[in-house]
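Here are the chains, one letter per residue:
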There are 2 protein chains.
Amino acid sequence: MAQSIDRRAARTRKALQGALIALITRKGYEAVTVQDIIDEADVGRSTFYAHYTGKDDLLRKSFEQLRALLVDEQRDSADQVRSKDALLFSRAVFEHACEYRHAYRALVGSRGGVVAANELRRIIGDAVRKELSPRLGASTVPPDVVVQFVVGTFLTVLSSSLRRRPAMPPAEMEKVFRQLALRGIGWLIE
Amino acid sequence: MAQSIDRRAARTRKALQGALIALITRKGYEAVTVQDIIDEADVGRSTFYAHYTGKDDLLRKSFEQLRALLVDEQRDSADQVRSKDALLFSRAVFEHACEYRHAYRALVGSRGGVVAANELRRIIGDAVRKELSPRLGASTVPPDVVVQFVVGTFLTVLSSSLRRRPAMPPAEMEKVFRQLALRGIGWLIE
DNA sequence: TGAAAGCCGAACACTATGTTCAGTATCTTA
DNA sequence: TAAGATACTGAACATAGTGTTCGGCTTTCA
C-alpha cells in the first residue's frame, strides 16, 4: 500500500489541522498565532516547523481534502455533460462549506481569509476552467476573465450565504449561484 | 473656510500616503513595514502613530479621495436614471484605477490586498446599493447578495484587467463588467 | 531488537509593533 | 510680531511573534 506516512507524523498533522480549525472558529484566522496552534494541538514548537513553514502553509495544506473531493466529483459527473446543467461542481463545495460552516465563516471575508480565499480560488478555478474551456465560443470577454468571474461569483454567494440567518441550505446556495453566474442581474432589474 | 487643518499635519499626512503608495508599487503591501513608511516619508515614528493607528489605518484613510470622487460622480448622474444604463458608477473607479495602475495592481490580489479590497468593497458597495435598491423587484435572490455579487464582479474585472498586457482601457473594462454583471455567462456558452 | 524517524522544549536571535517623553520647530492668531 | 498652541523628533523601552537549533527522549518499523 504505497509508502504510508509514519503514524506519529500523521497524528501530529491531524492534531495541528484540527487545532487550526478549532482556533479559527473560535477567534478568527488573523488572531491565531503559531503558539496558539501548538498549545491547542499539544505539539512542540520545533515539531510544528518540521511539518509546515508557518501558519499559512498549514492552512493551505488543510485544503487538500477539499481538492480531492472536487476532483472525484468532477470525474463522476464527467459523462452527463448536458448543456442545461453547467457549473454543477458547485454543489460539492457548498456542502463541504456547510459541514465546516463555522470555520468557513471565520475564514471567508476576514483578513487572513485571503490565504484561504486564494486557495479556494485556485481549487475552484481549476474546476471551472476544466468544465468551461471547451464550451466557450469566441467572445469579447477573455476566457480567463470568465473563469475568474465565475469563481468570484461562487465565493460571493458562499460568503453571503454563510452570513445569513437562518442558514441557507446548499441547494438554495447552488440555485442562487447559478442564476447569478449564468444570467447576471439584468433580468431582475425593472 | 471651515477649520482648516494645520499645515504641518497636512504635509505629514500627504507625505505618509505618498510613501505608502510608492512602497506598495515597489514591493507590495504585505512587505511594507511602518519603518519603511516613515523612512520613505522622512517622518518620526511617534508622528506616524499620532496620525494613524497603523499601516492598515493609513491605507484605509488613503481611500477617502476615491470615496469623494464616487459620491460626486453619483450625484452628477443622478438625473439620468434610464433603464438601459445601469451601473455607470463604475466608469469613475476604472479610471481612478488606471491612473494609479501600479498601486492598484500591487494591492488587488495580494494578501494585504484584503484591507484594500475590503475598503473598495465598502465604497463600491455603497454606490451599488444606492443605485440598485430602488430598482430591485421581488426575487428569489436576496438583495444584499445581489449587491455583493455586483461588487465582486466589479473587483474581478478590475483585477483581471490590470493584470493583462497590453493594458485594457477603462472603456473596455466597463463594457466587460456590465456584460458579466447584467447578463452573466449563459449567453456565451454554447 | 536495534536503527531510523519523529518529537520535545528550552534557549536564542531577529523583526516588527506601538508607547512614552523631553526637547525643538512651526504655525496661528490676536 | 510675540505668545501660546500645536505638531514633530528621535531615542529608549516594553511587548509579542517568528523561525532555528540542538541534545536528549520516545515511538515506529522491519
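Note that the structure is predicted; figures quoted are calculated from it, not measured. (Residues numbered from 1 in each chain as written. Chains lettered and ligands numbered in written order. Predicted model: local features only at pLDDT ≥ 70, side-chain atom pairs only at ≥ 80, totals over all residues. Heavy atoms only, no water.)

> Just to check I follow, could you spell out the interface of chain B and chain A for this structure?
At the interface, 46 residues of chain B touch 46 residues of chain A. Interface of chain B and chain A: buried area, both sides summed, is about 3,600 Å²; carbon and sulfur atoms make up 63% of it. At the boundary of chain B with chain A, the tally comes to 2 salt bridges. With a closest N to O distance of 2.9 Å, Asp144(B) and Arg164(A) form a salt bridge. (Contact = heavy atoms within 4.5 Å. Buried area = accessible area lost by both parts, 1.4 Å probe. Salt bridge = Lys/Arg side-chain N within 4 Å of Asp/Glu carboxyl O.)

> Can you help me understand the relation of the copies chain B and chain A in this one?
Aligned on chain A, chain B shows an RMSD of 0.1 Å; the corresponding rotation is 180° and the shift along the axis is 0.0 Å. On the angle and the small slide along the axis, the relation comes out as a two-fold axis. Using C-alpha coordinates, one finds that chain B approaches the rotation axis most closely at Gly184(B), a distance of 2.0 Å. In this assembly, 100% of the residues forming the interface of chain B have copies in chain A that are likewise at the interface, indicating an isologous arrangement. (Least-squares fit on C-alpha atoms with pLDDT ≥ 70 in both.)

> What is the right way to read the side chain of Asp57(A) from this model?
All names here are of chain A. Mapping Asp-57 onto the fold places it in helix H4 (residues 55–61). Here Asp-57 falls in the buried class, since its relative accessible area comes to 9%. Filtering out sequence-adjacent residues up to four positions away, Asp-57 remains in contact with His-51 and Tyr-52. (Helix = DSSP H or I, 4+ residues; strand = E, 2+ residues; numbered from the N terminus. Buried < 20%, exposed > 50% of the residue type's maximum accessible area, 1.4 Å probe, protein only.)

> Which parts of the structure should I look at to understand the domain arrangement of chain A?
How large an interface is tends to be reported as the accessible area lost when its parts come together. All names here are of chain A. What the domain assignment reports for chain A is domain 1 (7–54) and domain 2 (63–188). The centre of domain 1, based on its C-alpha atoms, is set 28 Å off from the matching centre of domain 2. The interface of domain 1 with domain 2 comprises 6 residues on the first partner and 8 residues on the second. Carbon and sulfur atoms supply 81% of the area that domain 1 and domain 2 bury against each other, a total of about 570 Å² over both sides. In this assembly, domain 1 and domain 2 are joined by 0 salt bridges. The interface formed by domain 1 and domain 2 contains 0 residue pairs in polar contact (both at pLDDT 80 or more). When the residues that make up the side of domain 1 that touches domain 2 are grouped by side-chain class, the tally is 3 nonpolar, 2 polar and 1 charged. (Domains from an automatic or database assignment. Polar contact = N/O pair within 3.5 Å; in protein donor to acceptor, adjacent residues only side chain to side chain. Nonpolar A, V, L, I, M, F, W, Y, C, P; charged D, E, K, R; others polar.)

> Explain the packing of aromatic side chains here, please?
Any two aromatic rings considered together are summarised by their centre-to-centre distance and by the angle between their planes. Residue and element names in this part refer to chain A. The full count for this structure, using the stated rule, is 15 aromatic pairs over all chains. A centroid spacing of 5.2 Å and a plane angle of 80° characterise the contact between Phe-48 and Tyr-49, whose relative ring orientation is edge-to-face. Among the residues examined, Tyr-49 registers a relative accessible area of 41% and is labelled partly exposed. For the pair Phe-89 and Phe-154, a centre-to-centre distance of 5.9 Å together with 35° between the ring planes defines the contact as tilted. Linking Phe-89 in the loop between helix H5 (64–76) and helix H6 (90–99) with Phe-154 in helix H9 (residues 143–163), this pair joins segments that are 65 residues apart in sequence. A residue is classified by how much of its surface remains accessible, and Phe-154, at 0% relative accessible area, is buried. The rings of Phe-89, Phe-94, Phe-154 and Phe-177 are connected pair by pair, giving a single aromatic cluster. A cation over an aromatic ring shows up here: Lys-55 above the ring of Tyr-29, its NZ or CZ 4.4 Å from the ring centre. (Phe/Tyr/Trp six-rings, centres within 6.5 Å; stacked < 30°, edge-to-face > 60°. Lys NZ or Arg CZ within 6 Å of the ring centre and 35° of its normal.)

> Mind showing me how you'd approach the protein's contact with DNA strand D here?
By nearness alone, 19 residues border DNA strand D, and Arg8(A), Arg8(B), Thr12(B), Gly44(B) and Ser46(B) come closest of all. Contacts to DNA strand D include Arg8(A), whose side-chain N or O atom sits 2.7 Å from a base oxygen. Elements that contribute at least two residues to the surface near DNA strand D include exactly helix H1 (7–27) and helix H3 (45–51) of chain A together with helix H1 (7–27) and helix H3 (45–51) of chain B. (Near = heavy atom within 4 Å.)

> Mind showing me how you'd approach the pattern of salt bridges here?
Pairing of side chains with opposite charge becomes possible as their charged atoms draw close. Following the criterion strictly, the structure yields 24 salt bridges over all chains and no others. Glu174(A) is the partner of Arg91(A) in a salt bridge, and the nearest nitrogen-oxygen pair spans 2.7 Å. With Arg91(A) in helix H6 and Glu174(A) in helix H10 (residues 170–183), this residue pair connects regions lying 83 residues apart in the sequence. Taking relative accessible area as the criterion, Arg91(A) reaches 30% and is therefore assigned partly exposed. Glu174(A) sits in the buried class, given a relative accessible area of 10%. One salt bridge in this structure joins Asp6(B) and Arg8(B), with 3.0 Å as the shortest N-O distance.

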